[in-house]
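# Structural overview for review
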Amino acid sequence: MLPLLLFYASILSVSSCAEAHPGSWVSLPINVPPFLTETEFISATVPTLIGTPPQQINLTVDISSGLLAAYAYDCVLCSGLTSFDSSLSSTFKSSNIPWSSSTPSFSGTDVTDTVGFGGIFDVADQQFVNINDGSSDNYSSVIWNGLLGLLPNPLNATSASTHILTRLYQSSSLLNPVIGMRFDPANPKLTIGALDPHDYEGTINWVEMTKYPDPKGDYYNTFNLDGVKGYNGEFVPFGGNLTAAFSSSAPPQSPYVALSASINGVDYQIDSANNLLRPPVGTLGYCPVGIRNRSDTLTPDVVFGLPFLRSVYVYVVSSFSFAFAPFTALLSFETIFCAYRFPTDTCPGYYGFAFPSGSNRTQSQISQTPTSTPTNSAQCLSLTAPTSTPTANVVLAQELIASKETYGVYGWPEAEQVSLLGVDDMPNIVWNWTDLS
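Residues numbered from 1 in each chain as written. Predicted model: local features only at pLDDT ≥ 70, side-chain atom pairs only at ≥ 80, totals over all residues. Heavy atoms only, no water.

Our focus in this paragraph is the overall build of the protein. Helix and strand counts for the protein stand at 8 helices and 22 strands. In the protein, which comprises 437 residues, the proportion classed as buried is 53%. When the accessible area of the protein is evaluated, it comes to approximately 19,500 Å², of which 53% is carbon and sulfur surface. (Helix = DSSP H or I, 4+ residues; strand = E, 2+ residues; numbered from the N terminus. Buried < 20%, exposed > 50% of the residue type's maximum accessible area, 1.4 Å probe, protein only. Areas by Shrake-Rupley, 256 points an atom, 1.4 Å probe, with all protein chains shown as cover.)

Written as structure tokens, this is what we have:
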């Protein structure tokens, strides 16, 4: 299995109730399954801090949208293992306005609170959706705990300006307007504000994202693709001038076919046979094969999903996302490093691709050079390399309300004693032995 790392950059700003770290970056662990299956939750989750004191919610990573949402503590039929308890946060504010995209089986309320990452930086009064009904079958299997959308909407300036990455950048909290993601099980991580040079090998292949994506298209994080090559190294006849996108929720496909994606003159292998699996029978929008035709002409032409992301190191200098679309090709990568440099000021968005360190790539593959260099690369892609990895000691809300004393588990005498939440706030019981007798 080969790793993938993704970097994303954009205009960010941060306002923190804690001590800020100007021009900093953070490296966060990502939770990913050891292998992809068709019957279990397979998306990546990343620890996100919400509230004051902070609660750690492992939000599902979404690189094709900008939605920030957390499942409420009392959410009905919400999937996952962590949720947000607004009653524990002193900075929580509810608008009491229903989320505009609510449906009868997936709904929530527009709220604000402090949101941050790793205790390094946070944003006060960040807008997000507090989901209180997650009973939808369409979302319960792909979204756990909530959603961290990493793509500021390129077609909605108001939405993009309130995105957490945009606010972090605008407040000079980030060392660079970039994020990096690595989805491989060997070393999964998300970096915000810098690219870790230990995560990839070779030259980063920067590709400018589409400045004006098709508003009717399936995805907005599109870029140019040379084509898809078969086992013999020849291009599959999809046609020329292809557009591609990424999706972190696209499931694996079958049967396994040895393919490569050619991006700006560099070939990236799609060769994780154990992760190209057939989705459940009846899954809407997906076909049990890796490549298929469709009749419409909506963009993108090709969508790269989880197997691709788990195979490549990608970095982006603009809004980006990986996804599979119901169109000409549906491909999976698992051994690529990805980066995203999101748009800022006069710079557009960029995707960056590289081979992840520790992958089973030959030197000839790693030494491939891009066909071209993006315009304004000297201005937009001259990123500052980190000299150290900042860390912080974060005390979570759950730790603050946990009892100092531990207690045995009733009916399970051999179990290790545990702390109880809120027990220290309960009044002591005064027994009246006279009345009891």
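The rest of the description comes next.
Across all of its chains, the model carries 14 aromatic pairs by this definition. When the ring of Phe41 is compared with that of Trp144, the centres are 4.5 Å apart and the planes differ by 10°; the resulting orientation is stacked. Remark: Trp144 occurs in the loop between α1 (137-140) and β9 (146-149) and Phe41 occurs in the loop between β2 (26-29) and β3 (45-50); sequence separation between them is 103 residues. Summarising the aromatic geometry, the rings of Phe223 and Phe353 are spaced 5.6 Å apart at their centres and angled 50° between planes, so their arrangement reads as tilted. On the criterion of sequence distance, the pair formed by Phe223 in strand β13 (residues 223-225) and Phe353 in strand β22 (residues 350-356) is long-range, its members being 130 residues apart. (Phe/Tyr/Trp six-rings, centres within 6.5 Å; stacked < 30°, edge-to-face > 60°.)

What follows covers the state of the cysteines. What is meant by a disulfide is a covalent connection between two cysteines, made through their sulfur atoms. Taken as a whole and judged by the stated rule, the model has 2 disulfides. Cys75 shares a disulfide with Cys78; S-S distance 1.7 Å. Looking at Cys75, the relative accessible area reads 14%, which means it is buried. Overall, Cys78 belongs to the partly exposed group, its relative accessible area being 23%. Listing the disulfide partners of the protein by sequence rank of the bonded cysteines yields 1-2, 3-4. (Disulfide = S-S within 2.5 Å.)

A few words on the environment of Ile50. Following the sequence through the fold, Ile50 ends up in strand β3. Note: C-alpha distance between Ile50 and Leu396 (346 residues apart in sequence) is 9.7 Å. Aside from chain neighbours lying at most four places away, what touches Ile50 is Gln55, Ile57, Ala70, Phe84, Asp113, Thr114, Val115 and Phe128. (Contact = heavy atoms within 4.5 Å.)

Note on placement: Asp133 falls in strand β8 (residues 121-133). The buried charged residue Asp133 lacks any salt bridge, with Lys93 as its nearest oppositely charged partner at 27 Å. Side chain to side chain, Asp133 and Ser135 meet in a polar contact 2.8 Å long. (Lys, Arg positive; Asp, Glu negative; His and termini not counted. Salt bridge = Lys/Arg side-chain N within 4 Å of Asp/Glu carboxyl O. Polar contact = N/O pair within 3.5 Å; in protein donor to acceptor, adjacent residues only side chain to side chain.)

The next thing to look at is the sheet that holds strand β14 (residues 227-229). Working definition: the strands of a sheet are paired by backbone hydrogen bonds and lie parallel or antiparallel to each other. Pairing within the open sheet is antiparallel, and its 3 strands lie in the order β14-β16-β17. Two strands bound the open sheet, and with one partner strand each, they are β14 and β17 (266-270). Direction aside, neighbouring strands of the sheet carry axes that sit 30° apart on average. Judged from the 5 bridges that link them, strand β16 (residues 259-263) and β17 form a sheet pairing that is antiparallel. Among the inter-strand pairings, Leu259 is bridged to a residue of β17, identified as Ile270. (Pairing = 2+ DSSP bridges. Axes fitted to C-alpha atoms, helices over the stretch in contact; angles between N-to-C directions.)

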